[in-house]
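Here's the letter readout for the chains.
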Amino acid sequence: MPNPVFDPLPDELVNALESMPRDELAQLREKLIAERNHPRRLKEMRRVLGERTQWLSIVLEDIFQPHNSSAVLRTAECFGVQTVHVVEKSRKFKISNQVAMGGAKWIDVERYDQTPDCLDKLRAQGYRCAAATLRDDALPLDEVPLDKPLAVLIGHERRGLSEAAHDAADVWFKLPMHGFTQSYNLSVFSSLCLYELTQRLRDSDLPWRLSEEEKERILTRWLCQDAKAIENFACNILLHR
């Protein structure tokens, strides 16, 4: 039986939810709410959705250590970033349950085999791609513009981002380092980036919050996977209609 805290919803259910008309989605959502009958939890879900954003996203390229990638998922969830994109060129993306602490349950993880496929999709959605690097001509993070949605590219713990990722990026950035050690731990680096960028975003007048339809669709997915919801009547009807 799938563990609803760590396992994703079945692809059939995710696809059905994404394609469902909003009126049908609302009916399903009301059934799920009635079945769960947990108003305090529902209120908390809606509060969190009010702080979620798709304006900022993370791209992880070929991360080696599961505890690092899992820590990034946990951090992204804490900062309200809804989607993390994962490129699995030579390493399959694995989640450490003890590190992620259930954070993967509440965000969307999109997987790709190749970096260009990921970046092409992001650009088609209007994102600017910013590559983390140690190169001398990179911008300080606080100078990376946020006037359009931003995807932050972070690479392998030792090698960093691939040449393909560097070449395809719209901008390079780096964080200052003033000690002997010339690299941050990957999960720490991600946390510093997300803190800086989300603070700037939330202090701005940019339309960084989710649309009402995005909130509705994400809330319905959360209700479907919450606790025993994946076993319930409404989800089973949806899967087999």
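Residues numbered from 1 in each chain as written. Predicted model: local features only at pLDDT ≥ 70, side-chain atom pairs only at ≥ 80, totals over all residues. Heavy atoms only, no water.

The element strand S1 (residues 56-61) is largely enclosed, with a buried count of 6 among its 6 residues. In S1, alternate side chains face the same way, and those of Leu-56, Ile-58 and Leu-60 on one face and Ser-57, Val-59 and Glu-61 on the other are all buried. One ladder, built from 4 bridges, connects S1 with strand S2 (residues 83-87); its direction is parallel. Within S2, the residue paired with Val-59 across the bridge is His-85. (Buried < 20%, exposed > 50% of the residue type's maximum accessible area, 1.4 Å probe, protein only. Helix = DSSP H or I, 4+ residues; strand = E, 2+ residues; numbered from the N terminus. Pairing = 2+ DSSP bridges.)

To describe a pair of aromatic rings, you give the distance between the ring centres and the angle between the ring planes. Under the definition given, this model contains 4 aromatic pairs. Both rings, one in Phe-173 and one in Phe-189, keep their centres 6.1 Å apart while their planes meet at 20°; by these two values the pair is stacked. With Phe-173 in strand S7 (residues 171-174) and Phe-189 in helix H8 (residues 186-202), this residue pair connects regions lying 16 residues apart in the sequence. Consider the rings of Tyr-184 and Phe-189, whose centres lie 6.4 Å apart with planes at 45°: the pair is tilted. (Phe/Tyr/Trp six-rings, centres within 6.5 Å; stacked < 30°, edge-to-face > 60°.)

Our next topic: the packing of helix H1 (residues 11-19) against helix H9 (residues 212-225). Where H1 meets H9, the axes come as close as 10 Å, and the angle between the chain directions of the two elements is 150°. Looking at the two axes, H1 sits roughly antiparallel to H9. In the crossing of H1 with H9, the sense of the turn from one axis to the other is right-handed. On H9, the residues that touch Leu-13, Leu-17, Glu-18 and Ser-19 of H1 are Arg-217, Thr-220, Arg-221 and Cys-224. Among the residues forming the contact of H1 with H9, the class breakdown is 3 nonpolar, 2 polar and 3 charged. (Axes fitted to C-alpha atoms, helices over the stretch in contact; angles between N-to-C directions. Parallel < 35°, antiparallel > 145°, perpendicular 65-115°, else oblique. Left-handed = near helix turned anticlockwise from the far one by under 90°. Contact = heavy atoms within 4.5 Å. Nonpolar A, V, L, I, M, F, W, Y, C, P; charged D, E, K, R; others polar.)

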